[in-house]
Amino acid sequence: MSYPKQTGPNSWTIQVQKDGKTQELFLEFPQDCIDQVGWDIGDTLIWEELDGGSWSIRKKDAKED
């Protein structure tokens with residue numbers, strides 16, 4: 001499977017990558033994915049673990065403060 005892969009209207013599969021120097025893990029989102037879900041630089045993202053070992057990432061709602 002090549003990454004990233006769009007799996008639904010607001011659903012993508014993205015590969016976790018590792019920085020070769022720092023060994024830190026990161027995700028690189030394609031710009032069309034960011035545009036489609038309405039994220040912007042500075043947004044707070046919430047990670048939620050789902051059944052079966054998958055994860056969901058969503059933008060934090062202002063009401064959650």
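It should be noted that the structure appears before, not after, this text.
Here is what the cut-offs are and how they apply
The residue numbering used here restarts from 1 in each chain and proceeds along that chain's sequence as written. The predicted origin of the model limits local features to residues at a pLDDT of at least 70 and limits the giving and counting of side-chain atom pairs to 80 or more, whereas totals for whole chains, interfaces and linings rest on all residues. Side-chain numbers here rest on the full set of heavy atoms in the structure, without hydrogens or water. The secondary structure listing takes helices from DSSP runs of H or I that are at least 4 residues long and strands from runs of E that are at least 2 residues long, numbered from the N terminus. Relative accessibility decides the category of a residue: with a 1.4 Å probe and only protein chains considered, values under 20% of the type maximum give buried, values over 50% give exposed, and everything between is partly exposed. Here, residues are in contact when the closest pair of their heavy atoms is within 4.5 Å. In short, Shrake-Rupley with a 1.4 Å probe defines the accessible areas, and a residue's cover is counted only from the protein chains shown. Charged-residue counts in this description rest on Lys and Arg as positive and Asp and Glu as negative, His and the chain ends being excluded. To locate a charge, take atom NZ for lysine, CZ for arginine, CG for aspartate or CD for glutamate. Strands pair, by our definition, only if DSSP identifies at least two bridges between them.

A. Main features of the overall build of the protein. In terms of helices and strands, the protein carries one helix and six strands. Along the first, second and third principal axes, the C-alpha atoms of the protein reach 40 × 30 × 25 Å. Split into buried and exposed, the 65 residues of the protein put 9% on the buried side. Counting contacts in the protein only where the partners sit at least 6 residues apart, residues at least 24 apart contribute 12% of the total. Total accessible area on the protein stands at roughly 5400 Å², and carbon and sulfur atoms take up 48% of it. One finds the centroid of the 7 positive side-chain charges in the protein at a distance of 2 Å from the centroid of its 13 negative side-chain charges.

B. Molecular detail of the pairing of strand E5 (residues 45-49). Sheet topology places E5 next to strand E6 (residues 55-59); five bridges connect them, and they run antiparallel. Bridge pairing in E6 links Ile 46 to Arg 58. Taking the residues between adjacent antiparallel strands as the criterion, E5 and E6 are bridged by five residues, where Gly 52 takes a positive phi near 85°.

C. Focus on unusual backbone geometry. With a phi close to 65°, Gln 23 is a non-glycine residue in the positive phi region. Mapped onto the secondary structure, Gln 23 falls in the loop between strand E3 (17-18) and strand E4 (25-26). With a relative accessible area of 44%, Gln 23 lands in the partly exposed category.

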